Amino acid sequence: MANLRIAELDFDAIKTNLKEYLQSQDQFTDYDFEGSSLSILLDILAYNTHYNAYLANMVVNEMFLDSAVKRSSAVSIAKHLGYTPTSVRGSTAVVDVTVTSPTGSPTSLTLDRYTSFSTTIDGTAYNFLTLDPVTTTPVDDVYTFNDVTVKEGTLLQYSYTVVTPGPDEKYEIPNSDVAISTLYVTVQASTSDTTTTVYTRTTDITGLSNTSAVYYIEENAAGNYQIYFGDGVLGQKLSAGNIVKIQYLVSAGAITNVSNLIDQTFGFSGSIGGSSNVAITVASNSSGGADRESITSIKF
């Protein structure tokens, strides 16, 4: 048997190897390989060999974190290590909100979840929202909310009806710039039963039971995040007909960070407790915003 050279991956080298192999056979001694139809057949064989070699090389490379070049491959491998890539993170500011003479002068006043404030950074307007409700009591009919944390982003919501309960049914968040730290996930019993349960993200299964109201999150092959729920052992299992509601912020990332050397201001349009007499003082400029994690960072 002739010695076979199989190390070449280049198209021309593969074709040359095939031609030299055929020329070494007694059956093809008188053939002109450059001008005959055999040259076309050799092209096809070389192309097929080159294609399969490239495919095999890519498949093997994508199986290992060091050599992976596709984000989806790095994310999939990282998942085996229990790692979820970090999303865009909206910057956070701290403000003091003062409300004067709300309607009825209540004994307490609440700043609702997702109360929106606005600011301008480098000529572009951005929204900042509260992620949790805050309650205060008055002093001389003045209601002051001290150290209110507001997060940059645009509020969105998606709803899904549960069809096949269990971890295999995923609920995709169709925005690549979602800030997953802002996810607020609730499950409504059904269209006719509005009983709602808040579910929280978990990263540790050791303390879970079959009644734990938790969800899991991962990045899918399309580059979007998706959540899923327990199987009735590690987390409560949903029921068919449940309605999953996902509220979240889509954030601009690092460009909304503002230096402390700048006097940042926030505006508010609307009313709180029926009063439009709202004053805002900035206690801390917006900071901490970050862009989506890169594949290089994921691999590291």
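For the structure, see preceding data.
What you see is a predicted model; the values in this text were computed from it and never measured.

**Notes on the overall build of the protein**
Okay, so step 1: The helix and strand tally for the protein stands at four helices and 15 strands.
Okay, so step 2: Relative to the globule expectation of 19 Å for 300 residues, the C-alpha radius of gyration of the protein, 30 Å, shows a markedly less compact shape.
Okay, so step 3: Dimensions along the principal axes, computed over C-alpha positions, put the protein at roughly 110 × 50 × 30 Å.
Okay, so step 4: Partitioning the contacts of the protein with sequence separation of at least 6, the portion at a separation of at least 24 is 69%.
Okay, so step 5: Taken as a whole, the protein presents about 16,900 Å² of accessible surface, with 52% of it coming from carbon and sulfur.
Okay, so step 6: A gap of 4 Å separates the mean positions of the 15 positive and 31 negative side-chain charges of the protein.

**Side note on the pattern of salt bridges**
Okay, so step 1: This model, assessed by the stated rule, comprises six salt bridges.
Okay, so step 2: Through salt bridges with shared partners, a single ionic network connects Arg71, Glu219 and Arg292.

**A closer look at the sheet that holds strand β10 (residues 178-188)**
Okay, so step 1: Pairing within the open sheet is mixed, and its seven strands lie in the order β8-β14-β10-β11-β12-β13-β9. Pairing within the sheet leaves two strands with one partner each, and these edge strands are β8 (154-161) and β9 (171-172).
Okay, so step 2: Sheet topology note: the β8/strand β14 (residues 243-250) ladder contains eight bridges and is antiparallel. Note on β14: the bridge partner recorded for Tyr158 is Ile246.

**Focus: unusual backbone geometry**
Okay, so step 1: Non-glycine residue Tyr114 carries a positive phi angle of around 70°.
Okay, so step 2: By secondary structure assignment, the location of Tyr114 is in the loop between β2 (109-111) and β3 (116-121).
Okay, so step 3: For Asp147, which is not glycine, the phi dihedral falls at a positive 50°.
Okay, so step 4: Along the chain, Asp147 turns up in strand β7 (residues 142-152).

**Side note on the nonpolar core**
Okay, so step 1: Grouped together as the largest cluster of nonpolar side chains are 19 residues, with contacts concentrated most on Val97 and Val99.
Okay, so step 2: Sorting the residues of this core by element identifies β1 (92-100), β2, β3, β4 (124-130), β7 and β15 (278-287) as the ones contributing at least two each.
Okay, so step 3: Setting aside chain neighbours within four positions, we find Val97 in contact with Phe117, Tyr143, Thr144, Phe145, Ile272, Val278 and Ala279.
Okay, so step 4: Counting residues in hydrophobic clusters, the runner-up holds 18 residues, among them Val162, Ile173, Leu183 and Tyr199.

Cut-off values and rules
Residues numbered from 1 in each chain as written. Predicted model: local features only at pLDDT ≥ 70, side-chain atom pairs only at ≥ 80, totals over all residues. Heavy atoms only, no water. Helix = DSSP H or I, 4+ residues; strand = E, 2+ residues; numbered from the N terminus. Rg over C-alpha atoms; globule rule 2.2 N^0.38 Å. Contact = heavy atoms within 4.5 Å. Areas by Shrake-Rupley, 256 points an atom, 1.4 Å probe, with all protein chains shown as cover. Lys, Arg positive; Asp, Glu negative; His and termini not counted. Charge placed at Lys NZ, Arg CZ, Asp CG, Glu CD. Salt bridge = Lys/Arg side-chain N within 4 Å of Asp/Glu carboxyl O. Pairing = 2+ DSSP bridges. Core = buried A, V, L, I, M, F, W, Y, C linked by side-chain atoms within 4.5 Å. Buried < 20%, exposed > 50% of the residue type's maximum accessible area, 1.4 Å probe, protein only.

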